[in-house]
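Residue-level listing of the chains:
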Amino acid sequence: MSKLDGKIALVTGGTSGIGLATTKRFVAEGASVFITGRRQTELDAAVKVIGKNVTGVQSDVSNLADLDRLFAKIKQEQGHLDVVFANAGGGEIAPLGSITEEHFDKTFNTNVKGLLFTVQKALPLLSEGASIILNASTASTVGTPAFSVYSATKAAVRSFARNWTLDLKGRHIRVNAISPGVVPTPGYNLLGLSDEQVQAFVDSQASTIPLGRVGTPDEIAKAVVFLASDDSSFVNGIELFVDGGMAQI
Ligand code: NAD
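This write-up is about the structure you can find in this document. (Residues numbered from 1 in each chain as written. Predicted model: local features only at pLDDT ≥ 70, side-chain atom pairs only at ≥ 80, totals over all residues. Heavy atoms only, no water.)

**With respect to the sheet that holds strand S5 (residues 126-135)**
On the basis of which strands lie adjacent, the open sheet formed by seven strands has the order S3-S2-S1-S4-S5-S6-S7 and parallel pairing. Pairing within the sheet leaves two strands with one partner each, and these edge strands are strand S3 (54-58) and strand S7 (239-242). Put simply, the sheet's adjacent strands are angled 20 degrees from each other on average, direction ignored. Pairing of strand S4 (residues 81-86) with S5 involves five bridges; the strand directions are parallel. Along S5, the bridge assignment pairs Leu-81 with Leu-126. Along the sheet, helix H2 (residues 40-50) contacts strand S2 (32-37) and S3; its crossing angle with S3, the most-contacted strand, is approximately 175 degrees. Along the sheet face, helix H7 (residues 217-228) touches S4, S5, strand S6 (174-180) and S7 and points at about 170 degrees away from the line of S6. (Pairing = 2+ DSSP bridges. Helix = DSSP H or I, 4+ residues; strand = E, 2+ residues; numbered from the N terminus. Axes fitted to C-alpha atoms, helices over the stretch in contact; angles between N-to-C directions. Contact = heavy atoms within 4.5 Å.)

Structure below.
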């Protein structure tokens, strides 16, 4: 018996990186998965790569009308949801002194507002015993140069997990945050750095990680499967760090 047999799951930002790797694992464990992304072409490509038991719905998490359309489709096609991985997100480099209103709004609208309304709008569809996993980051607890706005969004995400366990008390719905460490994905090319700068950053980080290397999207996906499945039936409100020990020392 697979860990997610017959479960219906949603992965926002399922077209790339950690979201794509997690969707592959979810499907391999027996789930049917809805994935979202902003661009139809990337969505279609991801659906093709995943191959089966996946439905792509074009939607921007920061757009509430898009979210309404997404959940209307899930309701119509499946009627309920067992797992929500609120994963869509990202950030860009901006040191204090150079932070613009546009940078602030874009980062908070995706990582905080989008994640909040993804979960809130999913609530009517969530089954008793459902699992919600919020993608935070080690940035929720440690400082990083020029990354304060992103880090603040992830501290908010971690706080949501703590509080929403209380708001959902009585429905037996678990809410946990997962905090990846350094995991090179296509998202690193959106930071505002050149390829060489990204590589230099990744190399410099590896030596600070107790395991001596950066992580892979699939290593995050395995931990998300744990939080999504009955293996974590008594795990609630935590922040699960999957970071090779980087933020634990
Ligand atoms: P990625 O760029 O490869 O994937 C991000 C996904 O989110 C893409 O599918 C993208 O299309 C989608 N997305 C972005 N903005 C969106 C929006 N407004 N609406 C809908 N979809 C949107 O990056 P990734 O590294 O896989 O990041 C996934 C999540 O993991 C993010 O929340 C990120 O903050 C978090 N995270 C990543 C790392 C890391 O090292 N890669 C570390 C900690 C946390």
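**Regarding the pattern of salt bridges**
Enumeration according to the criterion identifies nine salt bridges in this entry. Arg-25 is the salt-bridge partner of Asp-218, the closest N and O atoms lying 2.8 Å from each other. Here the residue Asp-218 occupies a position in helix H7, and Arg-25 occupies one in helix H1 (residues 17-28), the gap between them amounting to 193 residues. Arg-213 is the salt-bridge partner of Glu-219, the closest N and O atoms lying 2.8 Å from each other. (Salt bridge = Lys/Arg side-chain N within 4 Å of Asp/Glu carboxyl O.)

**A short note on the site of the ligand**
In the vicinity of the ligand, 26 residues are found, and the nearest of them are Thr-15, Ser-16, Tyr-150, Thr-185 and Tyr-188. Within the contact set of the ligand, an oxygen atom lies 2.7 Å away from a side-chain nitrogen or oxygen of Thr-15. Within the contact set of the ligand, an oxygen atom lies 2.8 Å away from a backbone nitrogen or oxygen of Asn-87. Out of a free accessible area of 820 Å², the ligand has 93% covered by protein chains. Among the elements of the structure, H1 and helix H5 (148-167) are those that each provide at least two residues to the shell around the ligand. Here the residues of the shell around the ligand sort into 10 nonpolar, 13 polar and three charged. (Near = heavy atom within 4 Å. Polar contact = N/O pair within 3.5 Å; in protein donor to acceptor, adjacent residues only side chain to side chain. Areas by Shrake-Rupley, 256 points an atom, 1.4 Å probe, with all protein chains shown as cover. Nonpolar A, V, L, I, M, F, W, Y, C, P; charged D, E, K, R; others polar.)

**So, the pairing of S4**
In terms of residue burial, S4 counts as a mostly covered element, since six of its six residues are buried. For strand S1 (residues 8-11) and S4, the ladder comprises three bridges, and the chain directions are parallel. Within S4, the residue paired with Val-11 across the bridge is Phe-85. You can see the chain leave S4, run along helix H4 (residues 101-122) and come back into S5, and the turn it takes is right-handed. (Buried < 20%, exposed > 50% of the residue type's maximum accessible area, 1.4 Å probe, protein only. Right-handed = clockwise from strand over helix to strand, strands pointing away.)

**Thoughts on the side chain of Arg-158**
With respect to the element layout, Arg-158 can be found in helix H5. On the accessibility criterion, Arg-158 (11% relative accessible area) is buried. In contact with Arg-158, not counting residues within four places along its chain, are Ser-140, Gly-237, Ile-238 and Glu-239.

**Focus: the pairing of S1**
Every second residue of S1 is oriented toward a common face, with Ile-8 and Leu-10 on one face and Ala-9 and Val-11 on the other, all of them buried. Summarising the sheet, S1 and S2 pair through four bridges and their orientation is parallel. Within S2, the position partnered with Ile-8 by the bridge is Ser-32. Running through H1, the crossover from S1 to the neighbouring parallel element S2 is right-handed.

**Examining the nonpolar core**
Leu-10, Phe-71, Ile-74, Leu-81, Leu-126, Ile-132 and Leu-134 are the most contacted members of the largest nonpolar core, which totals 31 residues. Put simply, the parts of the chain that give this core at least two residues each are S1, helix H3 (64-77), S4, H4, S5, H5 and S6. Setting aside its immediate chain neighbours within four residues, Ile-74 contacts Leu-10, Phe-34, Gly-79, His-80, Leu-81 and Leu-125. Listed in part, the 27 residues of the second largest apolar core include Leu-4, Val-33, Val-183 and Val-224. (Core = buried A, V, L, I, M, F, W, Y, C linked by side-chain atoms within 4.5 Å.)

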